[in-house]
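Chain by chain, the residues:
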Amino acid sequence: MAIENYNVIGVMSGTSLDGIDLALIIFHRLENHWQYQIKETKAVPYTEDWISRLKKAVDFSQEELEKLNKEYTLLLGNVISDFIAVNQLENLDGICSHGHTILHQPQNGFTLQIGNLPEIAKLTNQKVICDFRVQDVEYGGQGAPLVPIGDRFLFPEYDFCLNLGGFSNISFEQDGNRIAFDISPVNTVLNFYASLLGLEYDDKGTIARSGTVSESLLQELNTIDFYAQTYPKSLGYEFVKTIVLPMMEKHTISTADKLRTFVEHIAIQTSLAVPKKTGTILATGGGAYNVFLLERMAFHLPEMTFKVPDDKTVEYKEALIFALLGVLKLRNEVNVLASVTGAKHDHSSGKIFLP
Ligand SMILES: Nc1ncnc2c1ncn2[C@@H]1O[C@H](COP(=O)(O)OP(=O)(O)OP(=O)(O)O)[C@@H](O)[C@H]1O
Ligand SMILES: CC(=O)N[C@H]1[C@@H]2OC[C@@H](O2)[C@@H](O)[C@@H]1O[C@H](C)C(=O)O
């Protein structure tokens, strides 16, 4: 019985801008099946300065972006090195790092994740596998979402995997193919309105719960073109900045009412995204802690069972899956599914940098 083991660190910075997630993962590959253990984790919050720079970067010039990329690679290198030192890690097979998405316009042929410069391998003194999205866009794909292959390998017992991060996405099996797509913005928008009230986020959705749905805003949001499109499809911050926030800002209602309306919008779009209305949904990402959001989803999908895991999978599932994408790349195996991204074929994506 062939068992293969990998010791890797998964590193993820998501679009909610809460910080950098690191997870030490041990993978066991046993006769075509993957098993995992999340051994150590750390969430490193961004400073106010970094949050502001990463937010503004969507409007940066090429020169400013290059400078930011170098500085962010240095930040990631330091954060990863600290994680290795604190946990006294040795004999790692690699660091599998997503970087941070600044621009995402697959329709125009580009996506940019910073923090993926070759220096990262020197800074950490480790083999680094990174930049997983670019090749997919070059192959005509969306470059996102990339976690669905991990959903297939690591969470096959669930009918649906729902990620509630900066944006939400869903993945499921259909006729032997994995299907997945981004559903709607989630914490990118909720955090923006929470920040107007001086909060990092709307804890458990309490403020949204206190608000009232604006039917006119809700209707406008639900008729945005993106929702009528068929998959493959993915979202970037550009969508929030140019379409969603301007639409929300036209409505002179309270911030609590905006939060309430947007929660309803997410819940409705989620219910429309699932192809069948019964089964089990694995809900992960920080939005899974938004109790009110989950209540509204359950209202629109009354026969669905929502499962929020009670372990580190909720917060570290993306770091875990990018760790798997890196291992698959090291094995030269497919880590991006064309059925999900729309690329011309399945492929093994990512760059490998040696120290
Ligand atoms: N107790 C809570 N109540 C409500 N929302 C919460 C709570 N805890 C976390 N969140 C939300 O989750 C966000 C972090 O989610 P997560 O880490 O999944 O985002 P992400 O890594 O940026 O995701 P993605 O890569 O999918 O965009 C926070 O910014 C906050 O909006
Ligand atoms: C371009 C980009 O970074 N997209 C993120 C973002 O955050 C959530 C959603 O939009 C998803 O498409 C993707 O991240 C996850 C990890 C993915 O690729 O599966």
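Residues numbered from 1 in each chain as written. Chains lettered and ligands numbered in written order. Predicted model: local features only at pLDDT ≥ 70, side-chain atom pairs only at ≥ 80, totals over all residues. Heavy atoms only, no water.

You'll find the protein entered in an unreviewed UniProt entry as Anhydro-N-acetylmuramic acid kinase, with Flavobacterium microcysteis given as the organism.

J.: Please explain the site of ligand 1 as it appears in this structure.
T.: Taken together, 21 residues lie around ligand 1, and T15, S16, G166, N191 and E318 are the ones closest in. One nitrogen or oxygen atom from the main chain of G286 is found 2.8 Å from an oxygen atom belonging to ligand 1. Here E318 contributes a side-chain N or O atom positioned 2.7 Å from an oxygen atom of ligand 1. Burial of ligand 1 by the protein chains amounts to 89% of its free accessible area of 650 Å². Here the residues of the shell around ligand 1 sort into four nonpolar, 12 polar and five charged. Mapped onto the domain boundaries, the shell around ligand 1 takes at least three residues apiece from domain 1 (3-142 + 319-353) and domain 2 (148-307). (Near = heavy atom within 4 Å. Polar contact = N/O pair within 3.5 Å; in protein donor to acceptor, adjacent residues only side chain to side chain. Areas by Shrake-Rupley, 256 points an atom, 1.4 Å probe, with all protein chains shown as cover. Nonpolar A, V, L, I, M, F, W, Y, C, P; charged D, E, K, R; others polar. Domains from an automatic or database assignment.)

J.: Can you help me understand the nonpolar core in this one?
T.: Nonpolar side chains in soluble globular proteins tend to be buried together. Formed by 43 residues in total, the largest nonpolar core has its most connected members in I170 and M297. Setting aside its immediate chain neighbours within four residues, I170 contacts F160, C161, L162, I179, A180, F181, I183, A273 and V274. The next biggest cluster of nonpolar side chains, apart from the first, holds 32 residues, and it includes F155, A180, L282 and V340. (Core = buried A, V, L, I, M, F, W, Y, C linked by side-chain atoms within 4.5 Å. Buried < 20%, exposed > 50% of the residue type's maximum accessible area, 1.4 Å probe, protein only. Contact = heavy atoms within 4.5 Å.)

J.: What am I meant to see in unusual backbone geometry here?
T.: Most peptide bonds are trans, and most residues other than glycine sit at a negative phi. For the bond from A144 to P145, the omega torsion is -15°, close enough to zero to count as cis. Looking at where P145 falls in the secondary structure, it is placed in the loop between α4 (134-138) and α5 (148-154). Even without a glycine there, the phi angle at D175 is positive, about 50°. Structurally, the position occupied by D175 is in the loop between β9 (167-174) and β10 (177-185). (Helix = DSSP H or I, 4+ residues; strand = E, 2+ residues; numbered from the N terminus.)

J.: Would you mind going over the pattern of salt bridges with me for this structure?
T.: Note on pairing: side chains with opposite charge can pair once their charged atoms come close. Enumeration according to the criterion identifies 17 salt bridges in this entry. E333 is the salt-bridge partner of R331, the closest N and O atoms lying 3.0 Å from each other. Put simply, E4, R29, R331 and E333 are held in one network by salt bridges that share partners. (Salt bridge = Lys/Arg side-chain N within 4 Å of Asp/Glu carboxyl O.)

J.: Teacher, can you tell me more about a nonpolar patch on the surface here?
T.: On the surface, L196, L197 and L199 cluster together into a nonpolar patch covering about 260 Å² of accessible area. The class of L197 is partly exposed, set by a relative accessible area of 42%. (Patch = residues over 30% accessible without salt bridge, like charges linked within 9 Å, V, L, I, M, F, W, Y side chains within 5 Å.)

J.: Any chance you could explain the domain arrangement of the protein here in plain terms?
T.: Quoted interface sizes are often the accessible area lost when the parts come together. Domain parsing of the protein yields domain 1 (3-142 + 319-353) and domain 2 (148-307). Summarising the inter-unit geometry, the C-alpha centres of domain 1 and domain 2 are found 24 Å apart. Each side of the interface is counted separately: domain 1 has 25 residues, and domain 2 has 25 residues. At the boundary of domain 1 with domain 2, total buried surface from both sides reaches about 2,000 Å², with 63% on carbon and sulfur atoms. (Buried area = accessible area lost by both parts, 1.4 Å probe.)

J.: Could you clarify how one ought to interpret helix α11 (residues 255-273) in this entry?
T.: Note that an α-helix has 3.6 residues per turn; residues three or four places apart therefore point the same way. Between the first and last C-alpha of α11 there are 27 Å, a value that for 19 residues agrees with the 27 Å anticipated at 1.5 Å per step. Burial runs high along α11: 18 of the 19 residues are buried. (Expected span 1.5 Å × (residues − 1).)

J.: What exactly am I supposed to notice about the UniProt feature "coiled-coil region" (unreviewed entry) in the protein here?
T.: The UniProt record annotates "coiled-coil region" (unreviewed entry) at residues 51-78. A distance of 17 Å separates the end C-alpha atoms of residues 51-78, which is 82% helix and 0% strand. (UniProt positions renumbered as here; feature names shortened; annotations may be inferred.)

J.: Whenever I open this one, the site of ligand 2 confuses me. Can you help?
T.: In the region of ligand 2, 16 residues are neighbours, and T101, R133, L146, V147 and D182 sit closest. A distance of 2.7 Å is found between an oxygen atom of ligand 2 and a side-chain nitrogen or oxygen belonging to R133. Take V147: an N or O atom from its main chain is 3.0 Å from an oxygen atom of ligand 2. Computed on the free molecule, ligand 2 has an accessible area of 430 Å², of which 98% lies beneath the protein chains in the complex. Across the shell around ligand 2, the residue classes break down as seven nonpolar, six polar and three charged.

J.: Explain the pairing of strand β2 (residues 19-30) to me, please; I cannot follow it from the model alone.
T.: Here is the key point about a regular strand: its side chains alternate between the two faces of the sheet. Most of β2 sits inside the fold, with 10 of its 12 residues counted as buried. Across 12 bridges, the pairing between β2 and strand β3 (residues 33-45) is antiparallel. Each bridged residue has a counterpart across the sheet, and for L22 the counterpart in β3 is K42. Linking β2 back to β3 in an antiparallel pair, the connection comprises two residues, with E31 at a positive phi of about 45°. (Pairing = 2+ DSSP bridges.)

J.: In this structure, what is going on with the packing of α11 against helix α12 (residues 291-300)? I would like to understand it.
T.: Relative orientation of the contacting elements α11 and α12 amounts to 45°, with a least axis distance of 9 Å. It follows that α11 is oblique to α12 by the angle criterion. Where α11 crosses over α12, the handedness of that crossing is right-handed. Residues R260, V263, E264, I266, A267, I268, T270 and S271 of α11 pack against F292, L293, R296, M297 and H300 of α12. (Axes fitted to C-alpha atoms, helices over the stretch in contact; angles between N-to-C directions. Parallel < 35°, antiparallel > 145°, perpendicular 65-115°, else oblique. Left-handed = near helix turned anticlockwise from the far one by under 90°.)

J.: Would you mind going over the environment of F83 with me for this structure?
T.: Note on placement: F83 falls in helix α2 (residues 62-86). For the pair F83 and L24, spaced 59 residues apart in sequence, the C-alpha to C-alpha distance is 9.1 Å. If we skip the residues at most four places from it in the chain, F83 touches I9, L22, A23, L24, E40, T41, K42 and L89.

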